[in-house]
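Fold and contact review
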Amino acid sequence: MVGAVVFGFTAPAQAAPVRVMPLGDSITGSPGCWRALLWNRLQSNGLTNVDFVGTLGPQGCGVPYDGDNEGHGGFLATNVANANQLPGWLSATNPDVVLMHFGTNDVWSNIAPATILTAFGKLVDQMRASNPNMKILVAKIIPMAASACGPCPQRVVDFNNAIPAWAAGKTTAASPITVVDHWTGFNTATDTYDGVHPNAAGDQKMSNAWYPVLAPLVGGGDVTPPSVPGTPVASNVTSTGATLNWTASTGGTGGVAGYNVHREQGATDPLLASPTTNTVTLTGLTPNTQYQIYVRSRDAAGNLSANSGLVTFTTQPSTCVDTTPPSAPGAPTASGVTASGATLTWAASTDSGCSGLAGYNVYREQGATDPLLGQTTGTTLSLTGLTANTTYQIYVRARDNAGNLSGNSPLGTFTTTGGTGGGACTVVPTTQTQWGNGYVIQPVTVTAGTSPITSWTVTFTLPAGHTVTGSWNATFTQSGQTVTAKNVAHNGNLAAGASTSFGFQGSRPNGNTSVPTAYTCTSP
């Protein structure tokens, strides 16, 4: 159930527009299109006395909106607190409300929840120094499921579980902290494009989570949800489908617009259907499987009711005997290639057998025995642990639920980057995320060789038309397309074999998929 734990407060009493700062990392700013959805929903519901503020501008979402923000791609909340970066942003923008979805990069970096929340506390203190009546909305962050960070899903759970108690101890009557749950109901398989960053469906869910908490702070708005729908009743249950009916909801802002039908499945409850009436026929279910289903009604303003009661049913055993393999998928193409990884995408297969398409196996073409590099249910896979400066030939095979495998796709070929430098140190860049006109490279890991070093310099080449728009933990200069990054005071001294890292954000022309290349590391 998507919701918020609210510590009561009232809207800022002022005639001027309420100034709202969206604060966070690339999920907020690169491009962070949940902000566009949230802004336009406020406007369409008559809540126009609002000004989104920040020192960063919009990165484009295809619709007009107030895109000012403080969504700094690759930033860690702990680093922002330790470096005292927030006070400058606050003094430049003077917000009344802060929407903070922060901590994803800290969790990725295996920073303990207590350490992140200590940083949150410092940021809150800085917000209150700027405005003693600051209203602070803190997110339980969206889940992660990236192959490059196997422990991250549980780390997110641990971090989110610690937030409510921290908020309860830090909230005040003058400057309340509201915890907004972005985790519950968010599915990394359907709501992100890479296991970390929201796609269009994820942006919509994030906007929906923020809206009922923000709306009262910017002039009201009716956020009363519809009544709870009746417990669904199942009929016509087959091996792959069922029909559900329930008692309709009433009320809500602008009347009941429809219903969301979810499967109760533990940490994340997938959305199965969104009918506009109080009946739905589900298809594509798994044979001989128990389903627990609940329904939530939604109104014209997007407010959601509480969950209905659960209905439980078991699909019939399958009568399917499937010996027909899926069609071969398209040739994989590589993007985001680094010294140790790459992201592959391919055109989907089709399956005419009765068992249905289950997913894909990704192999390296290597002679007599082709190793399996990974499996996925979608048409993209991020590879990690690759060897630097090595050519890979990759093919994909589709599989169905009966275990039939398609023929091989055509081969896709790519070469990992070098990842080494001038002897005293090495450098390995990682492309954390990409979007249409930009990317975040983090971590760029610098490692000392067999002897200690007291400073380091990394150079790399930007593709034509690219620019560095932000950086952290290094000092950047640029000459033509060559960028030089030098250590800052706290990360130049490295013991033999020790590592540090920095990062940067780049912009590029729309449609250009290149990323920087030719990284080298030297130490005097």
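Residues numbered from 1 in each chain as written. Predicted model: local features only at pLDDT ≥ 70, side-chain atom pairs only at ≥ 80, totals over all residues. Heavy atoms only, no water.

1. Some points on unusual backbone geometry
Rule in force here: For helices the rule is a DSSP run of H or I covering at least 4 residues; for strands it is a run of E covering at least 2, with both sets numbered from the N terminus onward.
For the bond from Ser30 to Pro31, the omega torsion is 0 degrees, close enough to zero to count as cis. Residue placement: Pro31 occurs in the loop between α1 (26–29) and α2 (34–44). The omega angle of the peptide bond from Gln442 to Pro443 is -5 degrees, so this bond is cis rather than trans. Among the secondary structure elements, Pro443 is positioned in strand β24 (residues 438–448). Positive phi outside glycine occurs at Asn473, with the angle close to 65 degrees. By secondary structure assignment, the location of Asn473 is in the loop between β26 (467–472) and β27 (475–479). The phi torsion at Ala518 lies on the positive side, around 60 degrees, for a residue other than glycine. Position of Ala518 among the secondary structure elements: in strand β30 (residues 517–522).

2. A short note on the confidence of the model for the chain
Applied cut-off: Known as pLDDT, the predictor's confidence for each residue is given on a scale from 0 to 100. Only heavy atoms matter for contacts: two residues are in contact if any of them lie within 4.5 Å across the pair.
Summarising the model, the chain shows a mean pLDDT of 87, and 94% of its residues fall at 70 or more. Summarising per-element confidence for the chain, the mean pLDDT is lowest in strand β1 (residues 4–5) (40) and highest in strand β5 (residues 97–101) (97). pLDDT under 50 marks residues 1–14. Its contacts with residues more than four places away, or in other chains, come to 42 contacts. Residue range residues 419–423 is modelled with pLDDT below 50. Its contacts to residues more than four positions away, or to other chains, number 14 contacts.

3. Considerations on the nonpolar core
Nonpolar side chains in soluble globular proteins tend to be buried together. Selection criterion: We call a set of buried Ala, Val, Leu, Ile, Met, Phe, Trp, Tyr and Cys residues a nonpolar core when their side-chain atoms join them within 4.5 Å. The classification of residues rests on relative accessible area computed with a 1.4 Å probe and restricted to protein chains. Under 20% of the type maximum is buried, over 50% is exposed, and intermediate values are partly exposed.
Core analysis: the biggest nonpolar cluster contains 41 residues, and Leu23, Leu86, Met100, Phe102, Phe120 and Met127 have the highest contact counts within it. Mapped by element, the contributors of at least two residues to this core are β2 (18–24), α3 (77–82), α4 (86–93), β5, α6 (113–130), β6 (135–140), α7 (152–170) and β7 (177–181). The leading source of residues in this core is α6, at 7 residues. Once residues within four sequence positions are removed from consideration, Phe120 is found in contact with Ala77, Met100, Phe102, Val138, Phe159 and Trp166. With 28 residues, the next largest nonpolar core counts Trp39, Val213, Ala215 and Leu217 among its residues.

4. Re the state of the cysteines
Threshold: Two cysteine sulfur atoms make up a disulfide if the distance between them is within 2.5 Å.
The tally for this structure, following the rule as stated, stands at 3 disulfides. Residue Cys149 pairs covalently with Cys152 via a disulfide, S to S 1.9 Å. In this structure, the disulfide formed by Cys149 and Cys152 twists by about 75 degrees around the S-S bond and is classed as right-handed. Summarising the burial analysis for this pair, Cys149 and Cys152 share the class buried. Through a disulfide, Cys425 is tied to Cys521; the S-S separation comes to 2.0 Å.

5. Description of the pairing of strand β10 (residues 256–263)
Test applied: In this scheme, strands are said to pair when DSSP sees at least two bridges between them.
For β10, the tally of buried residues reaches 6 of 8 residues, placing the bulk of the element in the interior. Bridge count between β10 and strand β11 (residues 271–273): 2 bridges; the pairing is antiparallel. Paired with His262 across the bridge in β11 is Leu271.

6. Overview of the environment of Gly185
Relative to the assigned elements, Gly185 resides in the loop between β7 and α8 (188–191). Separated by 209 residues in the primary sequence, Gly185 and Ile394 place their C-alpha atoms 35 Å from one another.

7. Focus: α4
Helical geometry: 3.6 residues make up each α-helical turn, so side chains three or four residues apart lie on a common side. Our working definition: Directions from the helix axis toward the C-beta atoms define the arc.
The complete set of buried residues in α4 reads Leu86, Trp89, Leu90 and Thr93. All buried residues of α4 fall inside an arc of 100 degrees around its axis, so they share one side. For α4, the exposed residues set more than 90 degrees away from the buried face come down to Ser91 and Ala92. Against β2, β4 (70–71), α3 and α6 lie the buried residues of α4.

8. Looking at the packing of α4 against α6
Applicable threshold: Between N-to-C directions, angles span 0 to 180 degrees; the directions come from axes that are lines fitted to C-alpha atoms, helices contributing only their stretch in contact. Here is the rule for angles: anything less than 35 degrees is roughly parallel, anything more than 145 is roughly antiparallel, 65 through 115 is roughly perpendicular, and the remaining ranges are oblique. Take the far helix as the reference: if the near one is turned anticlockwise from it by less than a right angle, the crossing is left-handed, and if turned clockwise, right-handed. Charged residues are taken to be Asp, Glu, Lys and Arg, nonpolar residues to be Ala, Val, Leu, Ile, Met, Phe, Trp, Tyr, Cys and Pro, and polar residues to be all remaining types, Gly included.
Following both chains from N to C, one finds α4 and α6 inclined at 30 degrees, their axes separated by 10 Å at the closest point. When the axis of α4 is compared with that of α6, the two are roughly parallel. Once α4 is placed against α6, the crossing between them reads as right-handed. Here α4 contributes Leu86, Pro87 and Leu90 to the contact with α6, which in turn contributes Leu123, Gln126, Met127 and Ser130. Its residues assigned to classes, the contact of α4 with α6 shows 5 nonpolar, 2 polar and no charged.

9. Concerning the sheet that holds strand β28 (residues 482–486)
Ordered in space as β27-β28-β25-β30, the 4 strands form an open sheet in which the pairing is antiparallel. Single-partner strands in this sheet number two, and they are β27 and β30. For this sheet, the mean angle separating the axes of adjacent strands, direction not counted, is 20 degrees. Here strand β25 (residues 457–461) runs beside β30; their pairing, made up of 4 bridges, is antiparallel. If you follow Thr457 over to β30, its bridge partner there is Thr522.

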